[in-house]
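Analysis of the macromolecular model
Chain residues, written in single-letter form:
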Number of protein chains: 2
Amino acid sequence: MTTIPVNTDPPSMVTIAANSFSALVVSEPRAAIVADERAWQLHGSALLRSLHIRGLDATSIVVPAGEACKSLVEFGRVHSRLAQLNFTRDTAIISLGGGAVSDLAGFAAATFLRGIAFYTVPTTLLAMIDAAVGGKTAINIPEGKNLVGAFHQPRQAHVNLGVLSTLPPAVFRQGAAELFKHGLLADDALSRAVLRPGFGPADPDLESIVAAGVTVKVRVIERDPRETGERAFLNFGHTLAHALEALTDHAVPHGDAVGYGMHFAALVGWRLGLGDVSPKTLAFLDYQRPAPFVLPEFDALRPYFARDKKTDSSGWRFVLLDGARQPILRRVTPAEVEPVWQKFCDDLRELWNEHSRLAPSAT
Amino acid sequence: MTTIPVNTDPPSMVTIAANSFSALVVSEPRAAIVADERAWQLHGSALLRSLHIRGLDATSIVVPAGEACKSLVEFGRVHSRLAQLNFTRDTAIISLGGGAVSDLAGFAAATFLRGIAFYTVPTTLLAMIDAAVGGKTAINIPEGKNLVGAFHQPRQAHVNLGVLSTLPPAVFRQGAAELFKHGLLADDALSRAVLRPGFGPADPDLESIVAAGVTVKVRVIERDPRETGERAFLNFGHTLAHALEALTDHAVPHGDAVGYGMHFAALVGWRLGLGDVSPKTLAFLDYQRPAPFVLPEFDALRPYFARDKKTDSSGWRFVLLDGARQPILRRVTPAEVEPVWQKFCDDLRELWNEHSRLAPSAT
């Protein structure tokens, strides 16, 4: 068991256990478990048993898996259910699932009766490293992802590493993107550990590796809980990632998109003369084996890079690395970025060719 | 011009002007005015002109008047509009209208991109005293009023008293309920001022009277910003009020419902042997001339008084007054409350009889 305190306001904590839910301690007398269908089927009864042993009155609210649950309709449905169950201010919501369900459940907890307690039990590596820590919650609207949300710190995020062995290997490797990113940003040993041959759900060092990834994020959000400064560095790789997700209507999963996005951002830094991390980001893609997609024209990316049309002319904001552990926020012009896209596409075609020659058994 | 600083986190302020919007100072370069139809027609162009003079880029988002705007659908529509306008984190929402539109607009501001700046320009007396101060924002779901929301302090609430003369007299008197309530809770001179003959939009002391009402609320929320204690006293009269609103599907307007609710709570306190304020609350009803409604059976009220079904057996929580300026929170049993309902109904029948004999010209 590892415990990582999080000094936010209110304080939070992350617990990591090899194969148990028992370290999840809910202080409120009643809770609703907001779970996605898959997670509920696989882990619902074990989680419920563990909570019942502690005397908690818990019920479930099952939502669709993936981004589909982050809609206004599902948001309203969760609230209606809580009201029908006569939930009061001293109740709690526990999310069980990936990052999407934790975003939805956290936003519902932030807003039901203007805020009730929130706990999260992530079931994907991605959610363990990213969504479970930091208090960012959100839903989507037709105009874009995560446009509506709140900051709401979970009282506890409990990581049961045992659930990772129930995931397809590709989903585990998608999640490794955030782990690797945190290593690149702040912890060389961590990024090396991810690239070690055989890194996977059965890694004997998994607990300390996940703990290291969580710790990087915890330190950043402690210093910048509302993303006014340093926290933006955690978006390394996310500018292209969000564009690819939107352009492919999420056919490229988030972890894969971040893997691609990190390499793209590394190449942008390299072209601007910063310390080169692109060999590392390419090595990660080689490990990750992300799903290929139809490479868009550069022009199709422009509107996604220019999030605020009024600042378009002065350039786009990118998180870049000036060598490992040296993140910077930089405004880059379209003219600086466009040539990088060709190099990036070449790298990807070569990578996909190589991966297609390997046996697809590990996917 | 009166300025009342509000020491919340972040700090807020209330400005009160006799007949101008010019004291509203928005720091952000862009803003959306979320206005209800009526308020927009009456005051939209004057507010826009005042903002444009200061160099603000402002657009409008018009929503239905009254509770109809506090729906998930309107909430989503405001967000979509903000996204279509490419609003970024350094923009603001200004609400223009009554309490309902300020609840909706404030909740949208609390959640768009996880929170942008909020300003409010109340156009009813009720909203000036109540909704514009304190940061409580919310929307409704079919299961109940204000069940989904957030705490989000406005940077500034600007009160232009001139708008009150455009309201029907009955709407002004509805708003006087919160003013009178604040007087009862903390300021004898204020409750006397409301009961003075001729109190209305043209009262030469209106600015200082409204300032006194706002100040009572400001002092309470400064000490208890998230309603964990003392702030609950502001709910004096609201237990019955919410029940009447729900039972009549809002045919009884909020201000009238609070007028009724204060008298009911006063009678409950009187029956429990507390200092009697019921002559004052009856005098207020005599001033207010609230709209009659079909008096329900006591049993119909029970489910509304018992907000948490699990605590039903141990009684209902009421805010009571042990004489003027002595609010207390008390658990009362159904057996203690039921006989009061008959006395209350008798008082109302007498009041309505008397009012029906008066000319209805002032309504």
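Calculation rules
- Residues numbered from 1 in each chain as written.
- Chains lettered and ligands numbered in written order.
- Predicted model: local features only at pLDDT ≥ 70, side-chain atom pairs only at ≥ 80, totals over all residues.
- Heavy atoms only, no water.
- Least-squares fit on C-alpha atoms with pLDDT ≥ 70 in both.
- Contact = heavy atoms within 4.5 Å.
- Phe/Tyr/Trp six-rings, centres within 6.5 Å; stacked < 30°, edge-to-face > 60°.
- Helix = DSSP H or I, 4+ residues; strand = E, 2+ residues; numbered from the N terminus.
- Buried < 20%, exposed > 50% of the residue type's maximum accessible area, 1.4 Å probe, protein only.
- Lys NZ or Arg CZ within 6 Å of the ring centre and 35° of its normal.
- pLDDT = per-residue confidence, 0-100.
- Pairing = 2+ DSSP bridges.

**Examining the relation of the copies chain A and chain B**
- The operation relating chain A to chain B is a screw motion whose rotation component is 180°, with 0.0 Å of axial translation and a residual RMSD of 0.0 Å. Such values leave the two copies arranged in the relation of a two-fold axis. Residue leucine 72 of chain A, judged by its C-alpha, is the member of chain A lying nearest the rotation axis, at 3.7 Å.
- When you check the interface residues of chain A against chain B, 100% turn up at the interface there too, and the contact is symmetric in its surfaces.

**Some words on the packing of aromatic side chains**
- Under the definition given, this model contains 34 aromatic pairs over all chains.
- Plain terms: the ring middles of phenylalanine 75 of chain A and phenylalanine 107 of chain A are 4.7 Å apart, the flat faces sit at 15° to each other, and that makes the pair stacked. Placement of phenylalanine 75 of chain A in helix H2 (residues 72–84) and of phenylalanine 107 of chain A in helix H3 (residues 99–111) is noted, with a sequence separation of 32 residues between them.
- With a centroid separation of 6.3 Å and an interplanar angle of 65°, the aromatic rings of phenylalanine 298 of chain B and phenylalanine 305 of chain B are classed as edge-to-face. A single burial state applies to phenylalanine 298 of chain B and to phenylalanine 305 of chain B, both of which are buried.
- Three or more aromatic residues link up through ring pairs in this structure, and these residues are Phe264, Phe298, Phe305, Trp316, Phe318, Trp341 and Phe344 of chain A.
- Here arginine 114 of chain A stacks its cationic end above the ring of phenylalanine 151 of chain B, 5.9 Å away from the centre of that ring.

**Details of the confidence of the model for chain A**
Residue and element names in this part refer to chain A.
- For chain A, the average pLDDT comes to 93, and 96% of its residues sit at 70 or higher.
- Low pLDDT, under 50, characterises residues 308–312; the stretch is placed with seven contacts to residues that sit more than four places away or in other chains.
- Confidence metrics for the complex model read pTM 0.91 and ipTM 0.89.

**Here we look at the environment of arginine 49 of chain A**
Residues and elements named next belong to chain A.
- Turning to its location among the elements, arginine 49 is positioned in helix H1 (residues 37–53).
- On the accessibility criterion, arginine 49 (52% relative accessible area) is exposed.
- Placed 28 residues apart in sequence, arginine 49 and phenylalanine 21 show a C-alpha to C-alpha distance of 9.2 Å.

**Details of the pairing of strand S8 (residues 144–151) of chain A**
Residue and element names in this part refer to chain A.
- Of all eight residues that make up S8, six are buried, and the element is covered over most of its length.
- Across five bridges, the pairing between strand S7 (residues 136–141) and S8 is antiparallel. Residue pairing across strands places isoleucine 141 opposite glycine 144, the latter belonging to S8.
- Between S7 and S8, which pair antiparallel and follow one another directly, the connecting turn spans two residues.

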